[in-house]
Structures are given as C-alpha cells and as structure tokens.
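One-letter residues, chain by chain:
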Amino acid sequence: KQEVTQIPAALSVPEGENLVLNCSFTDSAIYNLQWFRQDPGKGLTSLLLIQSSQREQTSGRLNASLDKSSGRSTLYIAASQPGDSATYLCAVKFTNAGKSTFGDGTTLTVKP
Amino acid sequence: ETGVTQSPTHLIKTRGQQVTLRCSSQSGHNTVSWYQQALGQGPQFIFQYYREEENGRGNFPPRFSGLQFPNYSSELNVNALELDDSALYLCASKTGLAGGSSYNEQFFGPGTRLTVL
C-alpha cells in the first residue's frame, strides 16, 4: 500500500530557529512530491513541487529535498517567523494518474 | 490570473439529504480534482476530471459523483449524506494533460466546510 507519513505531528520552536519537517513515503517510484501550507480552516497553499528527476527546490527561506532511494523528503525553513505557524502537508503522486496521497501534516508553532 | 474558487464556503445539511459543491478552476487549467479532508487528517482523493470526463477515482462510494463543464468548472455531488461526510471539501486544478507532463503542480481552492447533522 502506498502511504505517506509525516513525523512529528506537531512542532514548537522559538522565532529565528532553523527547522526541518520530514515526509516519508513507502514507494520510491514516485512521479512528483509537493509541499503545502494550510492555515486553520483554510485551503492549501502550494509551497514547492519537486519532480521525480530533481533532488531539491528552493523558494525564499524554504528548501525542499527529495531522496527517492530512502523514501524521504525534507522541508527546511530558515530563520522561522511567527507567520510561518501553520500545518505543513506533503503530497506524493506515486503514478502519473490523478491521485495525490497526502500525509496528515506537521503543525508548526513559531513562538515570538 | 484568477485562482481556484469554491462555493459555498460553509454548508449545513441533515443526514440523508443531497448536496452540490462547486469549483471554478484557475485560468488556463483543464484538470480538476476533488479531495475530502477530515479534521486533523490529510486530504483524501475523491476523483479527478479532465476535459469533462472522470479519469481517476479514490476509494469513495458511488454516491459521490461529479461533473466537469466545458469551461472546466466542476461540481461534486454527494447523495444520501452520512454523518461521516462532515469534512472540508477541497478542489484543486492544474494544467496539462492528466497524467501527461510531469509539471503538474496543483493549486487548491479555499474549500467548502460541510457539516452533516
């Protein structure tokens, strides 16, 4: 069964800290992987998309890496800010069909 | 460029009723997917539409059905509502062939919060 896991479920850090969020998946033959941010009760905001042929993507203070052989992706957030507080979701497309499989997310709290 | 929009924002129904949720895809996007997100969980794939045809379905019963229109907007219909159908329903759109190009970044709408009493 193709599954996506995000650990920990929740993380609390002081402002300014660099942090890493983890996403693991069960099948290394992925099509792409996308990181999203979700604020409480809201929709998903796309952060970064990594194609299967890529190893990392960067946008501002965010850097996402992909290691298919180990079934892992990490989202690195530099110099965290209170505005980064949200739930971060990882979505994996295991085939080129429509379905994306999501993890349950990591809820990040950045304390001022 | 207009983003993905969904209506209504919130909806309250009673068990056994039927509901229709609507989604307008982002400009230039011809593929729409629907997801159900229960509280505290990641979204679960319901189905995808490409050029008015369903071309992928998750593990949801037939009482979940959909439509896509020529302008690529979409509807999600749920019949015989059950209490467990209470969730946030998310619509996502993307460009390109369904299952074609690898550059398939999904863009999500704000969701419709459905409560079944």
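What comes next concerns the included structure. Nothing here was measured: the structure is a model prediction, and the numbers come from that model. (Residues numbered from 1 in each chain as written. Chains lettered and ligands numbered in written order. Predicted model: local features only at pLDDT ≥ 70, side-chain atom pairs only at ≥ 80, totals over all residues. Heavy atoms only, no water.)

**Focus: the sheet that holds strand β1 (residues 5–7) of chain B**
All names here are of chain B. Rule in force here: Here, strands pair whenever DSSP counts at least two bridges between them. Secondary structure elements follow DSSP: runs of H or I no shorter than four residues count as helices, runs of E no shorter than two count as strands, and numbering proceeds from the N terminus. Helix axes are fitted only over the stretch in contact, all axes being lines through C-alpha atoms; the angle between N-to-C directions runs from 0 to 180 degrees.
The strand order β1-β3-β8-β7 describes an open sheet built from four strands, whose pairing is antiparallel. Looking at which strands have only one partner, the edges of the open sheet turn out to be β1 and β7 (64–68). Pairwise comparison of adjacent strand axes, ignoring direction, gives a mean angle of 20 degrees for this sheet. Across five bridges, β7 lies against strand β8 (residues 74–78) in antiparallel orientation. Paired with Q68 across the strands is S74, a residue of β8.

**So, the packing of aromatic side chains**
The criterion, for reference: Centres within 6.5 Å are what make two rings of Phe, Tyr or Trp a pair, Trp counting through its six-membered ring; a difference in plane orientation under 30 degrees is then read as stacked, over 60 as edge-to-face, and the rest as tilted. Relative accessibility under 20% of the residue-type maximum defines a buried residue, over 50% an exposed one, and the middle range a partly exposed one, all with a 1.4 Å probe and only protein chains included.
Evaluation of the coordinates by the stated rule reveals eight aromatic pairs over all chains. Between F36 of chain A and F108 of chain B the ring centres are 5.2 Å apart and the planes differ by 90 degrees, which places this aromatic pair in the edge-to-face class. Of the two residues, F36 of chain A is situated in strand β4 (residues 32–38) and F108 of chain B in strand β10 (residues 107–108); the pairing between them involves two chains. Aromatic side chains Y35 of chain B and F45 of chain B sit 5.6 Å apart centroid to centroid with 65 degrees between the ring planes, which places their arrangement in the edge-to-face category. Here the residue Y35 of chain B occupies a position in strand β4 (residues 31–37), and F45 of chain B occupies one in strand β5 (residues 44–50), the gap between them amounting to 10 residues. A relative accessible area of 0% means that Y35 of chain B is categorised as buried. A relative accessible area of 6% means that F45 of chain B is categorised as buried. Ring pairing ties together the aromatic residues F36 and F102 of chain A together with Y35, F45 and F108 of chain B, which thus form one cluster.

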